[in-house]
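# Architecture and fold: a report
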Amino acid sequence: MSDIPVFFLHGLAYAGLLFLVSAGLTLVFGMMNVLNFAHAAMYMLGAYFSYTMLQATDQFWLSLMVCPVLLFVIGALIERFLLRRVHVFGHLHELLLTFGLAYIITEVVKWVWGNFPLAVNIGGLLGDTVEIIGITYPVYRIFIFLCAVFVGTLMALILYRTRLGIILRAAVNDSEMVNALGFNVPLVFMGVFAFGAALSGFAGVIAGPLLTTYPGMAHDILIDAFVVIVVGGFGSLGGAVIASLLIGELQSFGVLLFPKLSVALVYLLMAAVLIVKPSGLFGEES
Amino acid sequence: MMLHKNTPYLLIAALFAAGAAMPLVLKQYHLNMLTEIIVFALYAVSYNLLLGYAGLLSFGHAMFFGMGAFTVAVSLIHIPGLSIWSALALALAMTTLVGFVAGGLLLRHKGSYFALLTLAFNSLFYAVATKWHTITGGDDGLSVTRPNLALGFTTVNLAGIESFYWFTLVIVGAAIVFCWYFTQTAMGQTVLMMRENEERMKFLGYNTNISRLILFTFTGAVAGLAGAFYTLHFQFCSQSAISVDMTTTVLLMTFVGGTGTFWGPMLGALVYIILQNYLSDITDRWPLFMGLIFVFMVLFIPGGLSQILQSARGLFTRRRGPGKPMEAKEASS
């Protein structure tokens, strides 16, 4: 069974990508209590921006820097001019708005880039393969996992070790009090939403070469990312780590062991978690 | 302006009479469209019982619609000589069962959590429909022929567009009227009051979880009936009937029509299908226009078309602002 290490590594790579997507989702949900349906659409936008940039410049690293910045700006604009406007109507309207935005972004993507998959090739070291534990393995998949570790560590450090993190966590608990203490809470929320968008863009750039860039990619990852935050617990970063690993490996080994059932396995896991612990593995009981 | 007690019944009778006369006026193409509108009107009404009346935003309503559609298709193919009534009854039974089981799991959560979980469940059903090729036909879908309608004293051939239109008008129309009746019952009023203040309802001794489960199961069965007619209408059923896009469609219809009234979603279905038919002739980008209209409405007209119509009526009757049509009745009455 020499397949097992390979599938394990595949699982790790997919878990890394899942974490990058669901971290932004769970951050925005945890901080602002907004379930952002447009998150995966912004991830797709990141992938398409990156595709266009790679066509023009052929610089993967540059695109990895620039595309998240573009998405950051888009996210900030969405929060400032659209989301904040419907905030007074309650969560239902915020959800409907992000859902409508996802719908529009998907249609725009089909319009601009066409309704077909676009392959992204990256040359250089990242496109190469490497020998680890006796198997030849693509460098790029290892790179994805390392990116996820890097982003996860960075987020944890910011949230739990800096002054900004303290303000953020306090704003979640009692935004009025934090506002009264002189911090600009609306600006903080705008920053959080924009950071979530930038994170989704980053994930999109990374996903392009792995999964190809296509208009259905938003929907495909959205469901998996939702399952991650259901299983991990809403708004929990640690939960997202564990759940991403679980689901990444489950997807990977599901294909190996039960090819026919592989799609259903993830949902079965979700249903099981819902029955046993409805708030998710690391969620707080509400 | 006080409505007379009998006004709704007169209105319903007039609508049925007008509907029954339509085959004399409309060409076949438009009659087909009207049949589709009636089917989707029922689907949208059932969705609005969740969204507008109970305040539950579901992204999984297509699992019932698709379950109804597939039950009819599969049972007509595999059980020779099955009557149309039995096929419809099977669809209702299946969707009731699915609604009860899924509702038991999903309704443990509210708000955003509920929305997310319904979406995941819908995706599960879609995945099964796509993979289970031997039963559902996978990507190819299933073709069926409409069986004859046995009425006991006579048999009607439903192959024609007109006869099927009348059949749809009577059965689906009756289902819509039943949904309206449901909103007037004590159960329907309970759901409305739960949306307004659940704590108080619990305090008054209502079991809100059971009420919500009953509502969810009921709307599921109604959506299943709409799905069954969808299969019968197109004489075809594919996995698109159970896809998330089908939920998106009903959400757009309901919201554009307006969640604040009972009739808003029906208007939404009418507008959506007419727009779909005409805009798709002019441009391939019509979903983009629908999306833009949707976001515009979320931002500026959260009450949808029915809100516009009601404020227009308010101008004529010199009433200050539109009333709240879905307010719960006084408890004493």
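Since the structure is predicted, the reported quantities are computational estimates derived from the model, not experimental observations. (Residues numbered from 1 in each chain as written. Chains lettered and ligands numbered in written order. Predicted model: local features only at pLDDT ≥ 70, side-chain atom pairs only at ≥ 80, totals over all residues.)

### Examining the overall build of chain A
To keep it simple, the criterion reads: Strands here are runs of E lasting at least two residues and helices are runs of H or I lasting at least four, both read from the DSSP assignment and numbered beginning at the N terminus. This radius of gyration counts C-alpha atoms alone. The globule rule is 2.2 Å times how many residues there are, raised to the power 0.38. Three exposure classes are used, based on other C-beta atoms lying within 10 Å of a residue's own C-beta, which is placed from the backbone: buried for 20 or more, exposed for 12 or fewer, and partly exposed in between.
Each helix and strand in chain A was counted, giving eleven helices and two strands. Counting from the amino terminus, helix and strand elements in chain A follow one another as α-α-α-α-β-β-α-α-α-α-α-α-α. The C-alpha radius of gyration of chain A comes to 19 Å, within 12% of the 19 Å expected for a compact globule of 286 residues. Taking all 286 residues of chain A together, 48% fall into the buried category.

### Examining the pairing of strand S2 (residues 135–138) of chain A
The side chains of a regular strand alternate between both faces of the sheet. All names here are of chain A. Rules: In this description, strands pair whenever DSSP reports at least two bridges between them.
Relative to S2, strand S1 (residues 129–132) runs antiparallel, the two being bridged by four bridges. Bridge assignment links Thr-129 to a residue of S2, and that residue is Pro-138. The turn linking S1 back onto S2 is made up of two residues, and Ile-133 within it adopts a positive phi angle of 30 degrees.

### Side note on unusual backbone geometry
A negative phi holds for most residues other than glycine; trans holds for most peptide bonds. Residue and element names in this part refer to chain A. The phi torsion at Asn-33 lies on the positive side, around 60 degrees, for a residue other than glycine. Position of Asn-33 relative to the elements: it lies in the loop between helix H1 (3–32) and helix H2 (39–57). For Asn-33, a count of 14 C-beta atoms within 10 Å puts it in the partly exposed group. In the Ramachandran plot, Asp-58 falls in the positive-phi region, its phi being about 65 degrees despite a non-glycine side chain. Looking at the secondary structure, you find Asp-58 in the loop between H2 and helix H3 (60–86). Overall, Asp-58 belongs to the partly exposed group, with 13 C-beta atoms counted inside 10 Å.

### Points about the confidence of the model for chain B
All names here are of chain B. Note the threshold: As a per-residue measure, pLDDT tells how confident the predictor is, with possible values from 0 to 100. By the criterion used throughout, residues are in contact when their C-beta atoms, derived from the backbone, lie within 7 Å.
When pLDDT is averaged along chain B, the result is 85, and 94% of the positions lie at 70 or above. The model gives residues 320–325 a pLDDT under 50, and that stretch makes seven contacts with residues more than four places away or in other chains. Note on residues 327–333: pLDDT under 50 across the span, and five contacts to partners over four residues away in sequence or across chains. We note a pTM of 0.84 for the whole complex and an ipTM of 0.82 for its interfaces.

### Things to note about the interface of chain A and chain B
Using the following cut-off: Note on residue categories: nonpolar means Ala, Val, Leu, Ile, Met, Phe, Trp, Tyr, Cys or Pro, charged means Asp, Glu, Lys or Arg, and polar means any other residue, Gly included.
Facing the 33 residues of chain A at the interface are 30 residues of chain B. Mapped onto the side of chain A that touches chain B, the elements with two or more residues apiece are H3, helix H4 (91–113), helix H9 (217–232) and helix H11 (262–276) of chain A. Take the side of chain A that touches chain B: its biggest share by element is 13 residues, from H4(A). Class assignment of the residues belonging to the side of chain A that touches chain B gives a composition of 26 nonpolar, four polar and three charged.

### A short note on the nonpolar core
Looking at soluble globular proteins, one finds that nonpolar side chains tend to be buried together. Definition in use: The nonpolar core criterion groups buried Ala, Val, Leu, Ile, Met, Phe, Trp, Tyr and Cys residues into a set whenever they are joined through C-beta atoms within 7 Å.
In this structure, B:Leu42 and B:Ala120 are the most contacted members of the largest nonpolar core, which totals 185 residues. Once you skip the residues sitting within four places of it in the chain, B:Leu42 turns out to touch B:Val172, B:Ala175, B:Ile176, B:Val222, B:Leu225 and B:Ala226.

### Looking at the packing of helix H5 (residues 139–161) of chain A against helix H8 (residues 185–211) of chain A
Residues and elements named next belong to chain A. Condition: Axes here refer to lines fitted to C-alpha atoms; in helices the fit is confined to the stretch in contact. Angles between the N-to-C directions go from 0 to 180 degrees. Roughly parallel here means an angle under 35 degrees, roughly antiparallel means over 145, roughly perpendicular means 65 to 115, and every remaining angle is called oblique. Crossing handedness: left-handed means the near helix sits turned counterclockwise from the far one by under a right angle, and right-handed means the same turn made clockwise.
For the pair H5 and H8, the least separation of the axes is 11 Å and the interaxial angle reads 155 degrees. Put simply, H5 runs roughly antiparallel to H8. When you trace H5 past H8, the crossing you get is left-handed. Contacts between H5 and H8 involve Tyr-140, Ile-144 and Cys-147 from the first element and Ile-206, Pro-209 and Leu-210 from the second.

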